[in-house]
Amino acid sequence: MSLPVPVVWSEDCLRHEPGGEVWLGVRDEGTEVPARALVLREALAAAGAPVVPAVRHGDEIVRAVHDPDLVDHLARVWPDWEAAGLPAEYRRDRVVPYVFPTAGMLAGLPERSPPAVHGRAGLFCYDTMTLVGPGSWAAIRGAADAALTAADLVGSGERVAYALCRPPGHHVTRRAYGGSCYLNNAAIAAQALLAAGVPRIAIVDIDAHHGNGTQMIFYDRADVWYGSLHVDPGAGWFPHYAGYAAERGRGAGEGGNRNLPLAPGTGDDGWLAAVSALCDEARALAPDAVVVSLGLDAAATDPESPLCVTEAGYRAAGRLVGALGPAVLIQEGGYDLASLGGLAVAALSGAAEGAGLDPC
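Everything in this summary refers to the structure shown in the same document.

What counts and what doesn't
Each chain has its residues counted from 1, following the order in which its sequence is written. The predicted origin of the model limits local features to residues at a pLDDT of at least 70 and limits the giving and counting of side-chain atom pairs to 80 or more, whereas totals for whole chains, interfaces and linings rest on all residues. Neither water nor hydrogens contribute to the side-chain values; these are computed over all heavy atoms in the structure. A run of H or I in DSSP counts as a helix once it spans at least four residues, and a run of E counts as a strand once it spans at least two, with each numbered from the N terminus. Take the residue count of a helix, subtract one, and multiply by 1.5 Å to get its expected span. Exposure classes here rest on a 1.4 Å probe applied to the protein chains alone. A residue is buried below 20% of its type maximum, exposed above 50%, and partly exposed in between. Contacts were defined at the residue level, with two residues in contact if any of their heavy atoms lie within 4.5 Å. Axes, fitted as lines to C-alpha atoms, cover a helix only where it is in contact. Angles between the N-to-C directions of the axes lie from 0 to 180 degrees. Comment on the angle field: the value is read as roughly parallel under 35 degrees, roughly antiparallel over 145, roughly perpendicular from 65 to 115, and oblique elsewhere. Each crossing gets its handedness from the near helix: less than a right angle anticlockwise from the far helix is left-handed, clockwise is right-handed. Here the term charged refers only to Asp, Glu, Lys and Arg, the term nonpolar to Ala, Val, Leu, Ile, Met, Phe, Trp, Tyr, Cys and Pro, and the term polar to all other amino acids, Gly among them. Definition used in this section: a nonpolar core is a set of buried Ala, Val, Leu, Ile, Met, Phe, Trp, Tyr and Cys residues joined via side-chain atoms within 4.5 Å. Any pair of N or O atoms that falls within 3.5 Å is considered a polar contact. Within protein, one atom must be able to donate a hydrogen and the other to accept it, and sequence-neighbouring residues count only if both atoms are side-chain atoms. Any two strands are treated as partners once DSSP identifies two or more bridges connecting them. With its strands directed away from the observer, a crossover is right-handed exactly when the path from the first strand over the helix to the second travels clockwise.

Details of helix H3 (residues 68–83)
And then number 1: With 16 residues, H3 ought to run about 22 Å at 1.5 Å a step, and its terminal C-alpha atoms sit 22 Å apart, in line with that.
And then number 2: Those residues of H3 that fall on the buried side of the exposure criterion are Leu 70, Val 71, His 73, Leu 74, Val 77, Trp 78 and Trp 81.
And then number 3: The elements touched by buried residues of H3 are helix H2 (60–65), helix H4 (86–90), helix H6 (117–124) and helix H7 (136–155).
And then number 4: Gly 85 sits one or two residues past H3 and shows a positive phi near 80°.

Right, here's the structure in full:
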């Protein structure tokens, strides 16, 4: 078999060792582990996909998408944490926020940047699950470079390119990170395409969870359309506060946002109907390129969602998004190591077929 989709890879993506996650006050092992990236790379290489090294990029696009203060915080928070003695003296071996400057807390007071790093951590992170360690920034930046390199490939004529991003990114807003995500790789790819002169971009998010960060980044903008299908946050699923059908965009972005929440237990038929509906709406806008947030966590075997999608479902979804136009696929979720490789091969094979690049 030869899979004609370049897989963009940064070795730095393995350097992020979150050391678990703090969920409901308890530190668990977590599922966003380096082995995810290795399983994906090995399965796709075995299927004949060429593995392409990520090219180091400047920060211009990253800082256009994100508040520079967030970028600087992520680059500095571990060295500052270590310099404050938190690992050595207090056995706090990862950055975990414990206080958050919510609107209810500040009650109109100005937002400040606390001098204490353990106070400052909650200024930019909105949950306790998204830990930072010694190698995290290198991996975060490596994932962004993978997204930028894949966007470069599509901008240069590739029909489909896949960025093997780890950590994932679609939960990151302009100024805050969470949901095991640190920089928004899909938004960075979309912004890079715009900067390269691609006029109309559609983002289709098929991760099992709503990409609240991507939605928020483009919510007031007319240059990027965003559509997501995901398990219903109203049924108790992350990100809880966003992802509802009534969220349609604002100001210049009015009508440029589409959410299709799905009931827990939704399988191939209902899930693919939602993928098809999003693709129909995107196609009506005649996008010049599409960015796909490719979460593989809607699979029936995945521990992080209640959706029940099969490999066949992912291949069919790949065909649908691949037919929309030149496509940058960005890896998001997907946590069952035993099934992850097969799901990725199915999705990329479908995308190649949809783009007219039949795998052989």
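Overview of the packing of helix H11 (residues 311–322) against helix H12 (residues 337–354)
The packing of two helices is summarised by the inter-axis angle and the distance between the axes.
And then number 1: At their nearest, the axes of H11 and H12 sit 6 Å apart, and the two run at 30° to each other. The angle between the axes of H11 and H12 places the two elements in the roughly parallel class. You can see that H11 and H12 cross each other, and the crossing is right-handed. Touching Glu 311, Tyr 314, Arg 315, Gly 318, Arg 319 and Gly 322 of H11 are Gly 342, Leu 343, Ala 346, Ala 347, Ser 349, Gly 350, Ala 351, Glu 353 and Gly 354, all from H12.
And then number 2: Grouping the amino acids of the contact of H11 with H12 by side-chain chemistry returns five nonpolar, six polar and four charged.

Points about the nonpolar core
And then number 1: Counting 55 residues, the largest nonpolar core has Tyr 177, Ile 201, Val 291 and Ile 330 as its most contacted members.
And then number 2: Those residues in contact with Ile 201, other than ones at most four positions away along the chain, are Ala 190, Leu 193, Leu 194, Asp 223, Val 224, Trp 225, Ala 289 and Val 291.
And then number 3: Counting 52 residues, the second-largest nonpolar core is a separate cluster that includes Val 7, Leu 40, Leu 229 and Leu 262.

Things to note about the side chain of Asn 185
And then number 1: Relative to the assigned elements, Asn 185 resides in helix H8 (residues 185–195).
And then number 2: Asn 185 gets classed as buried once you look at its relative accessible area, which sits at 1%.
And then number 3: A distance of 3.5 Å separates a polar side-chain atom of Asn 185 from the backbone nitrogen of Ala 144.
And then number 4: Once you skip the residues sitting within four places of it in the chain, Asn 185 turns out to touch Ala 143, Ala 144, Ala 147, Cys 165, Pro 167, Pro 168, Gly 169 and Ile 330.

Things to note about the sheet that holds strand S4 (residues 51–53)
And then number 1: Strand order in this open sheet of eight strands is S4-S1-S5-S10-S9-S6-S7-S8, and the pairing throughout is parallel. Whereas interior strands pair on both sides, the edge strands pair on one side only; in this sheet they are S4 and strand S8 (257–262). Shown here is a sheet whose adjacent strand axes are inclined to one another by a mean of 20°, direction ignored.
And then number 2: The sheet contacts of helix H1 (residues 35–46) involve strand S1 (7–9), S4, strand S5 (160–163) and strand S10 (327–331), and relative to S1 the element is tilted by about 145°.
And then number 3: Contacts from H7 reach S1, S4, S5 and S10, with the element oriented near 175° to S5.

Regarding the side chain of Arg 120
And then number 1: When you line up the elements, Arg 120 lands in helix H6.
And then number 2: At 3.1 Å, the side chain of Arg 120 and the side chain of Asp 80 are in polar contact.

Considering the pairing of strand S9 (residues 289–294)
And then number 1: Within S9, six of the six residues are buried, leaving the element largely enclosed by the surrounding structure.
And then number 2: Relative to S9, strand S6 (residues 201–205) runs parallel, the two being bridged by five bridges. Opposite Asp 205, over in S9, you have Ser 293 as the bridge partner.
And then number 3: Two strands pair when backbone bridges link them, and S9 and S10 are joined in this way by five bridges, in the parallel orientation. Note that in S10 the partner of Ser 293 across the bridge is Ile 330.
And then number 4: Traced from S9 through H11 to S10, the parallel crossover comes out right-handed.

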